[in-house]
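Letter by letter, the chains look like this.
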Number of protein chains: 2
Amino acid sequence: MSYKDIKEDVLRRITSGQWPPGHLMPSELELCDEYGSARATVNRALRELADEGVLDRKRKSGTRVRRAPLRQARFDIPLTRLEIEGRGAAYRYALVARDLCLAPDWLRARMALGAGVKVLHLTCMHYADGAPFQHEDRWINLAALPQAEDSDFTETGPNEWLVETIPFSDVEIGFGAVVADAALAEFMGCTTGEALFQTERSTWFDGQPVTFVRLCFQAGYRMTTRY
Amino acid sequence: MSYKDIKEDVLRRITSGQWPPGHLMPSELELCDEYGSARATVNRALRELADEGVLDRKRKSGTRVRRAPLRQARFDIPLTRLEIEGRGAAYRYALVARDLCLAPDWLRARMALGAGVKVLHLTCMHYADGAPFQHEDRWINLAALPQAEDSDFTETGPNEWLVETIPFSDVEIGFGAVVADAALAEFMGCTTGEALFQTERSTWFDGQPVTFVRLCFQAGYRMTTRY
DNA sequence: GAGTGGTCTAGACCACGTT
DNA sequence: ACGTGGTCTAGACCACTCT
């Protein structure tokens, strides 16, 4: 039995009611006997199920079926270009505004920036088959990324530039809703007062705040996943 | 070296620029030499980094640092009661309406229900310290869960009842935004026209559609995570 | 064909938490 | 003290995919 077969079989026993929520499962060694597999194989199956929130494992106490499955949803956060192209639509990018300025107070608080820090403020639009898809409001900390000042971002969006420039970062992401004001409605080709799905993202690299971005999606956009 | 140490060291090499995006890493056997570990240990470290979207692995070609890290965000989807209590607020639940009816067409399409299927339609409110926190619009397929008809849901919300009744399910979840109409604004204690964060969830058990729910959160609510 | 990752085995020691 | 899961080792065979 492969570890995948074991995972499937354990899930089957749980969904069939043979192992109800809270049930104490056999120990790894007992399952090794039953499945005729090595302990490492059984262990991998159970460990992955625990990672996925189905099982609860404790040394000495054993492995139990979770009562209220710790439901977790995993979302892919793709580049906007790839998301649009993945739907078979043509991608177009446009730079709306590019502004060098001191970080406003709300941004300094948000990104934990010191006083008098210069930031690059970019406003961009992303289109799918010519229709407004996403409005991007981006702030880049020039103290962390001075070379951003030399890029003009007319051809390539800041997101794509960033992922090629910074290899890895800590990220905080938040989802919410926002009402389209007159300006945003004009960009997004919707009516004023429409509710738009919005994500906010702060990125750090090596402990240093790098960028903050607000993305507003077209009206009716839904971010979905299965698990 | 433990697999965690190896993960850390590989991440350090990536963030330090020693292994830039797209870089071809040493093979597992070479890393075994370098770290003085068994191949299974190195394999687990690299496999987990690939699962997390940092590395890209292919047989024969080897392991590379992802160019555009397929960033994934993991969100916990807690029970509303636990989310509110976890913030140190008092939880209160109220059943607003309970209605037995035939599934409307949009719902039949959404849940892949046959014609003439009876559903239980529930409207509920969840309060945090007395303030409206979440509006729940729930539909339960009585063909899959006939015992739902015997529960009155005045004391316990349908979500808590469901997780105790069904051990495991397939779930499709979507995030979006919705404008508060007059009725919803009254429930949520906000002004009409406010943008509210909304999640929709469809649940299947054993291939059978069980329930569909729309959750509207208080104005300004943000669902956040770090990764 | 050959190199790489994917997986499995049998055995071992350790860490944690309950008793 | 003892039972359980957590992890590591050394070796093996297989599957994919590039040339």
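Treat the numbers as computed from the prediction; the structure is a model and nothing was measured.

(A) Representation of the confidence of the model for chain A. Taken as a whole, chain A shows an average pLDDT of 87; of its residues, 98% reach a score of 70 or greater. When pLDDT is averaged over each element of chain A, strand 6 (residues 131-141) of chain A comes out on top at 94 and strand 3 (residues 72-77) of chain A at the bottom at 78.

(B) Expanded view of helix 1 (residues 3-15) of chain B. Residue and element names in this part refer to chain B. With 13 residues, helix 1 should reach 18 Å at 1.5 Å per residue; the first-to-last C-alpha distance of 18 Å fits that figure. Restricting attention to buried positions, one finds in helix 1 the residues Tyr3, Ile6, Lys7, Asp9, Val10, Arg13 and Ile14. Looking straight down helix 1, one finds that the buried residues subtend no more than 165 degrees of arc, so they occupy a single side. Of the exposed residues in helix 1, the ones pointing more than 90 degrees away from its buried face are Lys4 and Glu8. The elements touched by buried residues of helix 1 are helix 2 (28-35), helix 3 (39-51), strand 1 (55-58) and strand 2 (62-65).

(C) Quick peek at the protein's contact with DNA strand C. Taken together, the neighbourhood of DNA strand C is formed by 23 residues, with Ser2, Tyr3, Ala38 and Thr41 of chain A together with Arg39 of chain B sitting nearest. Within 4 Å of the protein, atoms of DNA strand C come from sugar and phosphate in 61% of cases. For DNA strand C, a phosphate oxygen lies 2.8 Å from a polar atom in the backbone of tyrosine 3 of chain A. One nitrogen or oxygen atom from the main chain of lysine 60 of chain B is found 3.4 Å from a base oxygen belonging to DNA strand C. Within the residue set of the surface near DNA strand C, elements represented by two or more residues are helix 1 (3-15) and helix 3 (39-51) of chain A together with helix 3, strand 1 and strand 2 of chain B. In terms of residue count, the dominant contributor to the surface near DNA strand C is helix 3 of chain A (four residues).

(D) Region of the structure containing empty space enclosed by the protein. Residues and elements named next belong to chain A. Across all of its chains, the model carries five cavities of 30 Å³ or more by this definition. Estimated volume of the largest cavity: approximately 120 Å³. Looking at the largest cavity, it is lined by 14 residues, and the ones nearest its centre are Ile77, Pro78, Gln134, Leu215 and Phe217. Residue composition of the lining of the largest cavity, grouped by class: eight nonpolar, four polar and two charged.

(E) Region of interest: the sheet that holds strand 5 (residues 118-128) of chain B. Taken together, the seven strands give an open sheet; going across it, the order is 10(A)-7(B)-8(B)-9(B)-6(B)-5(B)-4(B), and neighbouring strands pair in antiparallel fashion. Two strands bound the open sheet, and with one partner strand each, they are strand 10 (223-226) of chain A together with strand 4 (91-102) of chain B. Taken pair by pair, the neighbouring strands of this sheet meet at an average axis angle of 15 degrees, ignoring direction. The pairing of strand 10 of chain A with strand 7 (residues 170-179) of chain B spans four bridges and is antiparallel. Looking across to strand 7 of chain B, one finds that arginine 226 of chain A is bridged to glutamate 172 of chain B.

Calculation criteria
One numbering rule holds for all chains: residues counted from 1, following each sequence as written. Chain letters and ligand numbers both follow the written order, the letters beginning at A and the numbers at 1. Residues qualify for local features only when their pLDDT is at least 70, as the model is predicted, and side-chain atom pairs are given and counted only at 80 or more; totals for whole chains, interfaces and linings, by contrast, use all residues. Side-chain numbers here rest on the full set of heavy atoms in the structure, without hydrogens or water. Each residue carries a pLDDT value, the predictor's own confidence for that position, ranging from 0 to 100. The way it works is that DSSP assigns letters per residue, a run of H or I at least four long becomes a helix, a run of E at least two long becomes a strand, and they are numbered from the N terminus. In this scheme, a helix's expected span is set at 1.5 Å multiplied by one less than its residue total. Throughout, exposure labels follow a simple rule: accessible area from a 1.4 Å probe, protein chains only, divided by the maximum for the residue type, with under 20% read as buried, over 50% as exposed, and the rest as partly exposed. It is the directions from the helix axis to the C-beta atoms whose arc is reported. In what follows, residue pairs with any heavy atoms lying within 4.5 Å of each other are defined as contacts. Nearness is defined per residue: one heavy atom within 4 Å of the molecule or strand is enough. Counted as a polar contact is a pair of N or O atoms within 3.5 Å, where, for protein atoms, one must be capable of donating a hydrogen and the other of accepting one, and residues adjacent in sequence contribute only when both atoms are in side chains. Buried and open spaces are told apart on a 1 Å grid over the protein atoms alone, a cavity being a set of points where a 1.4 Å probe fits but cannot get out and a pocket being an open set with protein on both sides within 12 Å along at least five of seven lines. Residues with an atom within 4 Å of a point are the lining residues. Grid points are joined across faces, edges and corners, and a volume is the space filled by probe spheres set on the points. Just so you know the grouping, Ala, Val, Leu, Ile, Met, Phe, Trp, Tyr, Cys and Pro go in nonpolar, Asp, Glu, Lys and Arg go in charged, and all remaining residues, Gly too, go in polar. Strands qualify as paired when DSSP identifies two bridges or more between them. Between N-to-C directions, angles span 0 to 180 degrees; the directions come from axes that are lines fitted to C-alpha atoms, helices contributing only their stretch in contact.

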